[in-house]
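Below, each chain spelled out in residue letters.
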Amino acid sequence: MSKIKIGMIGLGTVASGVFKTLQDFDNIEIVKIAVRDINKPRNIENLDKNLLTTDAMSIVNDKSIDVIVELIGGVEPAKTLITTAILNGKHVVTANKELLAKHGEELFDLAEKNNKVILYEGAIAGGIPLIMPIKTILAANKISKIEAILNGTTNYILTNMDMKHASYDDVLKEAQNLGYAEADPTADVEGFDAAYKLATLATISLNKRIKINDIYREGISKVTADDIKYANELGYKIKLIAHAELTDENTADVRVHPMFVSKSTTLAHIDYVTNAVTITGFPIGQVTLSGPGAGEFPTASSVAGDIIVLSHEIGTTDYILPMMRCNHSSSVKVTNILDTVNKYYLSLTVSNKVGVIGKLGLICADKGISLASVLQKGVSDDNTANIIIITELCKEKDILEVIDLLQKEGCINKLNSMIRVANDV
Ligand code: HSE
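Here goes a summary of the coordinates provided. Quick caveat, the model's predicted, so the values are computed rather than measured.

## Details of the pattern of salt bridges
Phase 1: One pass over the full model with this rule turns up 21 salt bridges.
Phase 2: Note that E401 is salt-bridged to K367, the shortest N-O span being 2.5 Å. One end of the pair, E401, is in helix 13 (residues 396-408); the other, K367, is in the loop between helix 12 (356-366) and strand 14 (371-376), and 34 residues separate them in sequence.
Phase 3: Note on E401: relative accessible area 36%, which makes it partly exposed.
Phase 4: R420 is paired through a salt bridge with E396; the nearest N and O atoms lie 2.7 Å apart. A residue pair is termed long-range when its members are at least 10 positions apart, and R420 in strand 17 (residues 412-421) and E396 in helix 13 qualify at 24 residues. Judged on exposure class, the residue R420 and its partner E396 are both buried.

Quick look at the structure:
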């Protein structure tokens, strides 16, 4: 049997899992691995150091290699290495969400021009089979909406804030100590990581080219323990939701931000580092895929799966895996966040004056905004009160105008939080 020859770029956590997983497959041979430091101790038994090189370019230029597996992340040097690999006639497997989000279109175009494929099952939601199902067995569907939890770190933090009634800062610190959050948590907690994943997921699901800059993004760092407490009282959980939807006006509403999700939905019960993706389409209706969104072996399952699929295709036809190729050049107008329609949770501090709730109701009514829930629990010692509101569906620009008016009219001292409420996840 002729073996498929693999060149790996990177030997970090996921790559180590891929290396170990592939040891069981006789038709696959890892011939070279690019690393930064050859002598770094690694958690791989009997690793032959002759496989290692610090010269990644020599791997993508190696004529004997069929497939490049890029697992270093980030834009450069990954982009140059993948580009060179494709120009040198190699197929590519990558888990690089940032690179695909920022440069996917040109890389997929280049691959197509050179009759090569780029597979990336590990780039989005780690071990959850997502790309291949969407591109193959769900191909009969017109997917209209994706609602997803795509970041384990933020889901871990939100779950712990909920379970322990703790503040964001305390839980983040604990998560950092336990290694669940990075020392610089920005990419996760401010929603960049989820937005990178959503850019590609939305592109293949909606069949439109969604650019990373099209995605509205807010992180979880402003979510408070009180918000989570009120969410629970009103029948919701707070999750960092990646949302992509084709609207009736044929625009793409794509965003990542915290959301109240009803406890009656599956996503509300996806806890800790687990990821989940709910796909709505016709004829499937709705399907939710959930599982481990990161980690050595879960992500290795996806990356190694891509490699094994390629190994069974290479040499069998001149045009392999047509359904896995990307040609989503169809552009789409993006919905401005101000034009999106949502329900809203508002937490307001108001002065304890006669008629405040009445005025609030009137100003909302003037804008055609109906209130679904209003909650006030007594008055504080400083003669202020906390009022919690959940609205019915309304335009974001209208609710912002209402808040502005309420502030101008002296009805509210402080807007503590405004969090969008998922309609029907
Ligand atoms: N940092 C990501 C997360 C995993 O917390 O889900 C890698 O994409």
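## A few points about the pairing of strand 9 (residues 236-246)
Phase 1: Across the eleven residues of strand 9, ten count as buried, placing the element largely inside the fold.
Phase 2: Two elements, strand 7 (residues 142-149) and strand 9, share four bridges in a ladder whose sense is antiparallel. Looking at strand 9, one finds that K145 is bridged to E245.
Phase 3: Direction of pairing for strand 9 relative to strand 10 (residues 252-262): antiparallel, over a ladder of eleven bridges. Directly across from H243, in strand 10, lies its bridge partner R255.
Phase 4: The turn joining strand 9 and strand 10, which pair antiparallel and follow one another in sequence, is formed by five residues; a positive phi near 60 degrees is taken by N250.

## Some words on the packing of helix 4 (residues 97-113) against helix 9 (residues 192-206)
Phase 1: With their axes 8 Å apart at the nearest point, helix 4 and helix 9 run at an angle of 55 degrees to one another. With respect to helix 9, the axis of helix 4 lies oblique. Judged by the twist between their axes, the crossing of helix 4 over helix 9 is left-handed. Facing helix 4, whose interface residues are K97, E98, L100, A101 and K102, helix 9 presents D193, Y196, K197, A199 and T200.
Phase 2: Grouping the amino acids of the contact of helix 4 with helix 9 by side-chain chemistry returns four nonpolar, one polar and five charged.

## Notes on the site of the ligand
Phase 1: The full set of residues close to the ligand is K97, N151, G152, T153, D188, D193, K197 and A294.
Phase 2: N151 places a polar side-chain atom, nitrogen or oxygen, 3.3 Å from an oxygen atom of the ligand.
Phase 3: In this structure, an oxygen atom belonging to the ligand sits 3.2 Å away from a side-chain N or O atom of D193.
Phase 4: Bound to the protein, the ligand loses 77% of the 260 Å² it would expose on its own.
Phase 5: Those elements giving two or more residues to the shell around the ligand turn out to be helix 6 (152-164) and helix 9.
Phase 6: The residue inventory of the shell around the ligand, partitioned by class, reads one nonpolar, three polar and four charged.

## Considering the nonpolar core
Phase 1: With 114 residues, the main nonpolar core has L11 and L150 as its most contacted residues.
Phase 2: In terms of residue count, the dominant contributor to this core is helix 9 (nine residues).
Phase 3: With near-sequence residues (within four places) excluded, L11 lies in contact with S16, F19, I33, A34, V35, R42, I44, L47 and L52.
Phase 4: Y344, L346, V356 and I363 belong to the second largest nonpolar core, which has 19 residues in total.

## Let's talk about the layout of surface pockets
Phase 1: By volume, the second largest pocket is sized at about 570 Å³.
Phase 2: Along the walls of the second largest pocket sit 28 residues, with E245, T247, D253, R255 and V341 positioned nearest its centre.
Phase 3: Elements supplying a minimum of two residues to the lining of the second largest pocket: strand 7, strand 9, strand 10 and strand 13 (341-351).
Phase 4: Of the residues belonging to the lining of the second largest pocket, the class tally is seven nonpolar, ten polar and eleven charged.
Phase 5: Counting only domains with at least three residues in the lining of the second largest pocket, you end up with domain 2 (138-292) and domain 3 (337-421).

Here is what the cut-offs are and how they apply
Here, residues in each chain are numbered from 1, in the same order as that chain's written sequence. At least 70 in pLDDT is required for a residue's local features to be given in this predicted model, at least 80 for side-chain atom pairs to be given and counted, and no such filter applies to totals for whole chains, interfaces and linings, which use all residues. With hydrogens and water stripped out, all remaining heavy atoms of the structure feed into the side-chain values. Salt bridge, as used here, is a side-chain nitrogen of Lys or Arg placed within 4 Å of a carboxyl oxygen of Asp or Glu. Numbering of helices and strands runs from the N terminus; a helix is a DSSP stretch of H or I covering at least four residues, while a strand is a stretch of E covering at least two. Residue exposure (1.4 Å probe, protein chains only): buried if accessible area is under 20% of the type maximum, exposed if over 50%, otherwise partly exposed. Only when DSSP finds a minimum of two bridges between them are two strands counted as paired. Every angle, taken between N-to-C directions, lies between 0 and 180 degrees, and every axis is a line fitted to C-alpha atoms, over only the stretch in contact when it is a helix. Any angle that falls under 35 degrees is termed roughly parallel, while one over 145 is termed roughly antiparallel, one within 65 to 115 roughly perpendicular, and all others oblique. Should the near helix be turned anticlockwise from the far one by less than a right angle, the crossing is left-handed, and should it be turned clockwise, the crossing is right-handed. The contact rule is simple, with two residues in contact once any of their heavy atoms fall within 4.5 Å. Residue polarity follows a fixed list, in which Ala, Val, Leu, Ile, Met, Phe, Trp, Tyr, Cys and Pro are nonpolar, Asp, Glu, Lys and Arg are charged, and the others, Gly among them, are polar. We call a residue near a molecule or strand as soon as one heavy atom of that residue lies within 4 Å of the molecule or strand. Between N or O atoms, a polar contact is any pair within 3.5 Å; within protein, one atom must be a potential hydrogen donor and the other a potential acceptor, and residues adjacent in sequence are included only when both atoms are from side chains. All accessible areas in this document rest on Shrake-Rupley with a 1.4 Å probe, and a residue is counted as covered only by the protein chains that are shown. Within this scheme, the nonpolar core is defined by two criteria: the residues are buried Ala, Val, Leu, Ile, Met, Phe, Trp, Tyr or Cys, and they are joined through side-chain atoms within 4.5 Å. Computed over the protein atoms alone on a 1 Å grid, cavities are sets of points where a 1.4 Å probe fits but cannot get out and pockets are open sets with protein on both sides within 12 Å along at least five of seven lines; a residue lines them when it has an atom within 4 Å of a point. Grid points are joined across faces, edges and corners, and a volume is the space filled by probe spheres set on the points. Note: domain ranges come from an automatic or database domain assignment.

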